[in-house]
Amino acid sequence: MSGSLRGALASNFLGNTSGWYKYTIIAFLVINPILLYLAGPTVAGWVLVLEFIFTLAMALKCYPLQPGGLLVAEALLIGLSSPESLKHEVFQNFPVILLLMFMVAGIYFMQNLLLFAFTKILLGVRSKVLLSLLFSILAAVLSAFLDALTVTAVVISVGVGFYSVYHKVASGKKLQNADHNHLQDDMVVEFHRSDLEQFRAFLRSLLMHAAVGTALGGVCTLVGEPQNLLIAEKMGWDFVEFFVRMAPVTMPVLVCGLLTVIALELTGWFGYGATLPEKVRTVLEEYDEIESQKRTDRDKAALMVQALVGIVLVLGLAFHVAEVGLIGLLVIVLITSFNGIIEEHQIGKAFEEALPFTALLVVFFGIVAVIHDQHLFTPIITAVLAMDIAIQPSMFFIANGVLSMISDNVFVATVYINEVKEAFDNGIIDRAHFDTLAIAINTGTNLPSVATPNGQAAFLFLLTSAVAPLIRLSYGRMVVMALPYTLVMGGVGLLAVRFLI
């Protein structure tokens, strides 16, 4: 093989990720079979889990599907698990896959309605405290019934749209000018620079409030986060029962989370408190007026259909008329039928957001299959279950929370609920205690995980989106801005788990 071809292969492997990351993944793949031979399946299995957590923690370097998928493929090949075990895990959790495939795609077709609602709130409310509170509440309510990723995507669209509008004016161009690059500040007039910086800070805080809102609402219902449905399936809980079971923890956290919004905006701590400059508001209002005048009767009818289908969605979930994913499929059929979206390529766009994460979820299940086949977590679960029964839920909450901060909450929840379910099936714990531990696992993976973008898919989505570089939202800044929420949501959640369930 020629040197140039070897170089091309090396360059193509994992694309434009750093060289050290590529060598690390290759080292993992080389070490694993050697460890299996020298140290046995238990040690090799634990090393595989840590390697996979590393790929999740480095998600900004490379999407975990590729390196994680390579690790799982090797694990199946060297016998740490089997294709049958993976198939069993996938089929057992198929409702979650249906949720990601169809519900996320279904909500994609409701984006215009959500965009319309967020835009009207942004321009209609002058108080930054009230505006932040409304954004957080709306994101929480929508995430409880829809999907946190889609809600975040809509808020990002609002942010990018308004930023590009003002950036155009700040660069000395008119609103009607279609030719403008909002990624470059070279043309920004000096007179507008301070307003542009303040506008960035304003959008940054607003988007963070909304992202946290998706976590506050997402923990409450079985459709809010993928792991919620997974836990609900194990427990046999429907939409209403899941909400009621979680309420002793989720409702105090929701109230305290919203109070934190108010406190941060009033104090201006941790990067919050920036207001919308009046010059920017004037430009955005003019733009919204132009867009409203361009809205046709057909556009208005499409918004009405989306609103009606939204009501059908809420009622379908509340009364559990079918699997959540199938209700999502109904949403797709209704909206596309009545809004004239009938071409395959138009429908295909709706699935672009959900399917990469769906594939990653199957990779999660491959790691779970290894953990199950090698009984890796059994000693840990046994040790926790040997503790005083009163502190077990708190220990599960803390363990799930810490792991979710550094890896991914769906993966962590999948592992822990499977192990606790096995303990219940083996008669080690009774049903009442099983219910309590399931609540601790769900809230533990959902609440403290706001600490880093690694734990919450919505946070990672925001950080890797087009709006992040525009508003100067870096990894470090996001962690700092999330810190007060982490302390409040994690602390209140832990107290509620300890004393209210």
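The paragraphs below set out a description of the structure included in this document. Counting from 1, residues in each chain are numbered in the order their sequence is written. In view of the model being predicted, local features appear only for residues whose pLDDT reaches at least 70, and side-chain atom pairs are presented and counted only at 80 or more, with totals across whole chains, interfaces and linings using the full set of residues. Excluded from the side-chain calculations are hydrogens and water; all other atoms, namely the structure's heavy atoms, are used.

## Overview of the pattern of salt bridges
The condition is simple: Just to be clear on terms, a salt bridge is a Lys or Arg side-chain nitrogen sitting within 4 Å of an Asp or Glu carboxyl oxygen. To qualify as a helix, a DSSP run of H or I must reach at least 4 residues; to qualify as a strand, a run of E must reach at least 2; elements of each kind are numbered from the N terminus.
Overall, the coordinates contain 11 salt bridges when judged by the stated rule. Put simply, D425 and K421 hold a salt bridge, and the shortest N to O gap is 3.1 Å. Of the two residues, D425 and K421 both sit in helix α20 (residues 409-425), four residues apart, roughly one turn of that helix. One salt-bridge network, held together by shared partners, links E241, R245, R431 and D435.

## Re the packing of aromatic side chains
Note the cut-off: Working definition: rings of Phe, Tyr and Trp (its six-membered ring) pair if their centres are within 6.5 Å, and the pair is stacked with planes under 30 degrees apart, edge-to-face with planes over 60 apart, and tilted otherwise. As a reminder, the over-ring test applies to NZ of lysine and CZ of arginine, requiring each to be within 6 Å of the ring centre and within 35 degrees of the ring normal.
Applying the stated rule across the entire model yields 15 aromatic pairs. Within the aromatic cluster, the residues linked to one another by ring pairs are W20, Y21, F28 and F54. A cation sits over an aromatic face here: R498 above F499, 5.3 Å from the ring centre.

## Quick word on the packing of helix α8 (residues 128-145) against helix α9 (residues 148-170)
We count it as follows: Whenever a helix is involved, its axis is fitted only over the stretch in contact; in every case the axis is a line through C-alpha atoms, and angles between N-to-C directions fall within 0 to 180 degrees. Left-handed describes a crossing in which the near helix is turned anticlockwise from the far one by less than a right angle; the clockwise case is right-handed. Two residues form a contact once any of their heavy atoms are found within 4.5 Å. Note that Gly is not counted as nonpolar here; it falls among the polar residues with everything else outside the nonpolar set of Ala, Val, Leu, Ile, Met, Phe, Trp, Tyr, Cys and Pro and the charged set of Asp, Glu, Lys and Arg.
Where α8 contacts α9, the two axes come as close as 8 Å, and the packing angle between them is 145°. Of the two possible hands of crossing, α8 and α9 adopt the one that is right-handed. Taken together, the residues of α9 that come into contact with α8 (itself represented by F135, A139, L142 and S143) are A148, V151 and V155. Of the residues contributing to the contact of α8 with α9, the split by class is six nonpolar, one polar and no charged.

## Notes on the environment of T452
Formally: For this analysis, a polar contact is any N or O atom pair within 3.5 Å, provided that within protein one partner can donate a hydrogen and the other can accept it, and provided that sequence-adjacent residues contribute only side-chain to side-chain pairs.
Considering the arrangement of structural elements, one finds T452 in the loop between α21 (431-446) and α22 (457-463). Each C-alpha atom, one on T452 and one on L130, is 26 Å from the other, the two residues being 322 residues apart in sequence. Residues in contact with T452, not counting those within four places in the same chain, are M405 and Y475. For T452, the side chain forms a polar contact with the main-chain oxygen of M405, separated by 2.4 Å.

## Observations regarding the environment of T414
Which entries qualify depends on this criterion: With a 1.4 Å probe rolled over the protein chains alone, any residue whose accessible area is under 20% of its type maximum counts as buried; one over 50% counts as exposed, and the rest are partly exposed.
Position of T414 among the secondary structure elements: in helix α20. In this structure T414 comes out as buried when scored by relative accessible area, which is 0%. Distance in space between the C-alpha atoms of T414 and P226 is 9.9 Å, their sequence separation being 188 residues. The residues touching T414, leaving out its near neighbours within four places in the chain, are L230, F365 and V368.

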